Amino acid sequence: MSTVQEEGILLRSHPYSESSRVVRILTPERGVLPLMARGLRRRVEKGEGGVDTFDQVRIVYTFRSGRDLQTLTELDVVRSRQGLGRDLVRFAGASLLAEFLLAHALEEGSPALSQEMEGALDLLLDRPLEQVPGVLLSAGWRLLVHLGFAPELGRCVRCGAELDEEAPLLRFSAGQGGLLCQGCGGDSAGSRLGPGARNDLRSLLAGRPPEGLRGALVHLALLEVFALNHLAPNRPFQSVALVRAGLGSTVAR
Ligand SMILES: [Zn+2]
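Residues numbered from 1 in each chain as written. Predicted model: local features only at pLDDT ≥ 70, side-chain atom pairs only at ≥ 80, totals over all residues. Heavy atoms only, no water.

Moving on to helix α5 (residues 195-205). For α5, the complete set of buried residues consists of R198, D200, L201, S203, L204 and L205. Here the buried face of α5 lies against α4 (132-146), β6 (170-173), β7 (178-179), β8 (191-193) and α6 (216-231). (Buried < 20%, exposed > 50% of the residue type's maximum accessible area, 1.4 Å probe, protein only. Helix = DSSP H or I, 4+ residues; strand = E, 2+ residues; numbered from the N terminus. Contact = heavy atoms within 4.5 Å.)

As structure tokens, then:
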């Protein structure tokens, strides 16, 4: 048994008993860490003690290997992200990113992944509302890349042929993991992407959301189905409907 101090992001928290909560915190060293927080329940509940989901927190816990829940002994907010709650699309977007990480049951730490999530939440918090769709879609794809699921956009995922960048429409097969050439895409039910949408997807993957991204709802559907196929969560992502509603009021369709 050892006492560990780390900084992380509070991804989820739910009541466990009268006085306890179970919290899941993304940490650079141990991935998504489930912790039993005795006596924290009152603090985490709204308005008391000011700990909110998505806050950057410093935690002290006792770690024992082989145990499902580690024991949290201290929690301090390093940076509040309470402001995410001011717009539906910001909060729902952050929730969707958290769902991706929780679906993966990430048991090993990744400093790069933690940094990506931290940066994404800060952008969701700070950027003007019209930039939020691009920020969110880009962050969603970036997290998938960090988790080992980068979509293939350069070569056909079935036959390996190099793809024609100018091709008018190519099928994107979420199940097979990327674009199909015109020959292979004939019998695919995947979404059809034109050169503009494919370029936008490349920019999102590179962490450079295009200015005035068009078709944000189409891109959201693409991200959702790809994440469902590769993260294979126990249930569909609960936040997608809220993100969709938030995007609908944010972007001009
Ligand atoms: Zn092919």
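The next thing to look at is the coordination of the zinc ion. Of the protein atoms, only C156 (SG), C159 (SG), C181 (SG) and C184 (SG) coordinate the zinc ion, at distances of 2.3 to 2.4 Å. Taken together, the four donor atoms surrounding the zinc ion define angles of 103 to 114° at the centre, an arrangement classified as tetrahedral. Positions of the donor residues of the zinc ion along the chain correspond to the pattern C-x2-C-x21-C-x2-C. Of this pair, C159 sits in the loop between α4 and β6 while C184 sits in the loop between β7 and β8, placing them 25 residues apart in sequence. Taking the relative accessible area as the measure of exposure, C159 reaches 46% and is therefore partly exposed. A relative accessible area of 13% means that C184 is categorised as buried. (Donors = N, O, S within 2.8 Å, 3.2 Å for Na, K, Ca; no water. Tetrahedral: all angles 85-135°; square planar, octahedral: opposite > 155°, others 65-115°.)

One closed barrel accounts for five strands, arranged β1-β2-β3-β5-β4; its pairing is mixed. Between one strand and the next, the sheet's axes are offset by a mean angle of 50°, whatever the strand orientation. With six bridges connecting them, strand β1 (residues 2-15) and strand β2 (residues 20-27) associate as antiparallel partners. In the strand pairing of β2, H14 is matched with V22. On top of the sheet, helix α2 (residues 88-104) reaches β1, β2 and β3 (31-38); it is set at about 115° to β1, its chief contact. The strands touched by helix α3 (residues 111-126) within the sheet are β1, β2, β4 (56-63) and β5 (70-79), with β1 carrying the most contacts at an inclination of about 45°. (Pairing = 2+ DSSP bridges. Axes fitted to C-alpha atoms, helices over the stretch in contact; angles between N-to-C directions.)

On to the domain arrangement of the protein, then. In terms of domain boundaries, the protein breaks down into domain 1 (1-80) and domain 2 (83-253). The straight-line distance from the C-alpha centre of domain 1 to that of domain 2 is 28 Å. Listed by partner, the interface residues are 15 residues for domain 1 and 22 residues for domain 2. Buried surface at the junction of domain 1 and domain 2, both sides included, amounts to about 1400 Å², of which 65% is carbon and sulfur. Applying the counting criterion to the domain 1 and domain 2 interface returns two salt bridges. Put simply, R79 and E118 hold a salt bridge, and the shortest N to O gap is 3.8 Å. (Domains from an automatic or database assignment. Buried area = accessible area lost by both parts, 1.4 Å probe. Salt bridge = Lys/Arg side-chain N within 4 Å of Asp/Glu carboxyl O.)

Our focus in this paragraph is the environment of L169. Considering the arrangement of structural elements, one finds L169 in the loop between α4 and β6. Exposure remark for L169: the relative accessible area of 44% places this residue in the partly exposed category. C-alpha of L169 to C-alpha of R192: the two residues are 23 residues apart in sequence and 5.7 Å apart in space. Beyond its immediate chain neighbours, meaning those up to four positions away, L169 contacts Q182, R192, L193, G194 and R198.

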